[in-house]
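If you want the building blocks of each chain, they are given just below.
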Amino acid sequence: MHKRINFTSSNRVLIGLIVSLLVIKGCAGFGKPLEPPRISLVNILIQKVTLFETTFKIELRVFNTNDVPLTIRGSDCQLRLQGKDFATGVSNERITIPAFETGVVGMSVYSSVVEVVQGLLALPVEEKLEYILTGRVYLEGGALVPSSLSFRSEGRISLKDLK
């Protein structure tokens with residue numbers, strides 16, 4: 001036995017309004033889609049050198065250009081120096097960056113000794129390294145927030161600033 005549901009015209013209007021609002025707002029929930037954070041390389045520190053691998057700690061400045069806080073639960077990146085693959089890393093550092101603010105995230109990255117030596121041989125005389133940093137930040141926030149946002153950053157860092 002099935003019951004028949006009668007929709008009055010006011011119920012139809014209300015349901016239509018709710019569906020319309022959900023379609024207009026899109027998949028990001030009740031707000032604008034999140035913009036990927038801007039990322040810049042702040043520093044590179046040598047942590048450990050072994051026979052086959054070099055470990056660096058890099059510090060990344062994360063710019064949240066959204067009007068809501070971003071809670072980052074992890075990140076990954078690939079670092080290229082002077083156009084060559086240099087290091088890869090991941091981080092499980094958790095940080096909340098308020099709307100229109102910045103934060104610094106530390107990350108360990110790993111490079112083979114061969115890549116480090118090749119990178120050192122390719123160093124320019126002007127002592128500035130061109131870098132390209134690509135990766136993702138993984139976000140906390142549930143079904144209405146994307147699980148990750150990709151980023152790409154390019155710039156130059158001075159050899160004198162490396163410690």
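Predicted model only: the values in this text are computed from it and were never measured. (Residues numbered from 1 in each chain as written. Predicted model: local features only at pLDDT ≥ 70, side-chain atom pairs only at ≥ 80, totals over all residues. Heavy atoms only, no water.)

### Structural notes on the overall build of the chain
Moving on, step 1. Counting its secondary structure elements, the chain contains 2 helices and 8 strands.
Moving on, step 2. Listing each helix as α and each strand as β along the chain from the N terminus yields α-β-β-β-β-β-β-α-β-β.
Moving on, step 3. Per-residue burial over the chain gives 30% buried out of 163 residues.
Moving on, step 4. Expressed as a percentage of contacts within the chain between residues at least 6 apart in sequence, the contacts between residues at least 24 apart total 64%.
Moving on, step 5. Counting only carbon and sulfur atoms, one obtains 58% of the accessible surface of the chain, whose full area is about 10,800 Å². (Helix = DSSP H or I, 4+ residues; strand = E, 2+ residues; numbered from the N terminus. Buried < 20%, exposed > 50% of the residue type's maximum accessible area, 1.4 Å probe, protein only. Contact = heavy atoms within 4.5 Å. Areas by Shrake-Rupley, 256 points an atom, 1.4 Å probe, with all protein chains shown as cover.)

### A few points about the confidence of the model for the chain
Moving on, step 1. Confidence along the chain averages 81 in pLDDT terms, with 69% of residues attaining 70 or more.
Moving on, step 2. For the chain, per-element mean pLDDT is lowest for helix 1 (residues 9-25), which scores 53, and highest for strand 5 (residues 95-97), which scores 96.
Moving on, step 3. Counting contacts from residues 20-29, a segment whose pLDDT is below 50, to residues more than four positions away or on other chains yields 7 contacts. (pLDDT = per-residue confidence, 0-100.)

### Brief notes about the side chain of asparagine 64
Moving on, step 1. Among the structural elements, asparagine 64 can be located in the loop between strand 2 (53-63) and strand 3 (70-81).
Moving on, step 2. With a relative accessible area of 2%, asparagine 64 lands in the buried category.
Moving on, step 3. Within the local environment of asparagine 64, its side chain forms a polar contact with the backbone oxygen of valine 68, the two atoms lying 3.0 Å apart.
Moving on, step 4. For asparagine 64, the side chain forms a polar contact with the main-chain oxygen of isoleucine 97, separated by 3.1 Å.
Moving on, step 5. If near-sequence neighbours (up to four positions away) are discounted, asparagine 64 is found in contact with Pro69, Leu70, Ile97, Pro98, Ala99, Phe100 and Glu101. (Polar contact = N/O pair within 3.5 Å; in protein donor to acceptor, adjacent residues only side chain to side chain.)

### A short note on the nonpolar core
Most often, soluble globular proteins have nonpolar side chains that are buried together.
Moving on, step 1. Membership of the largest hydrophobic core comes to 28 residues, with the highest contact counts inside it found for Leu41, Ile58, Leu79 and Leu133.
Moving on, step 2. Only strand 1 (38-49), strand 2, strand 3, strand 4 (84-91), strand 5, strand 6 (102-112), strand 7 (128-139) and strand 8 (148-158) provide two or more residues apiece to this core.
Moving on, step 3. Apart from the residues within four sequence positions on either side, leucine 41 is in contact with Ile58, Glu59, Leu60, Leu79, Tyr131 and Ile157. (Core = buried A, V, L, I, M, F, W, Y, C linked by side-chain atoms within 4.5 Å.)

### Looking at the side chain of serine 111
Moving on, step 1. Relative to the elements of secondary structure, serine 111 occurs in strand 6.
Moving on, step 2. Separated by 2.5 Å, the side chain of serine 111 and the backbone oxygen of phenylalanine 86 make a polar contact.

### What to know about the pairing of strand 4
Moving on, step 1. Pairing geometry for strand 3 and strand 4, over 7 bridges, is antiparallel. Note on strand 4: the bridge partner recorded for cysteine 77 is glycine 89.
Moving on, step 2. Linking strand 3 back to strand 4 in an antiparallel pair, the connection comprises 2 residues, with glutamine 82 at a positive phi of about 55 degrees.
Moving on, step 3. By the bridge criterion, 3 bridges tie strand 4 to strand 6 in an arrangement that is antiparallel. Across the sheet, residue valine 90 finds its bridge partner in strand 6, namely serine 108. (Pairing = 2+ DSSP bridges.)

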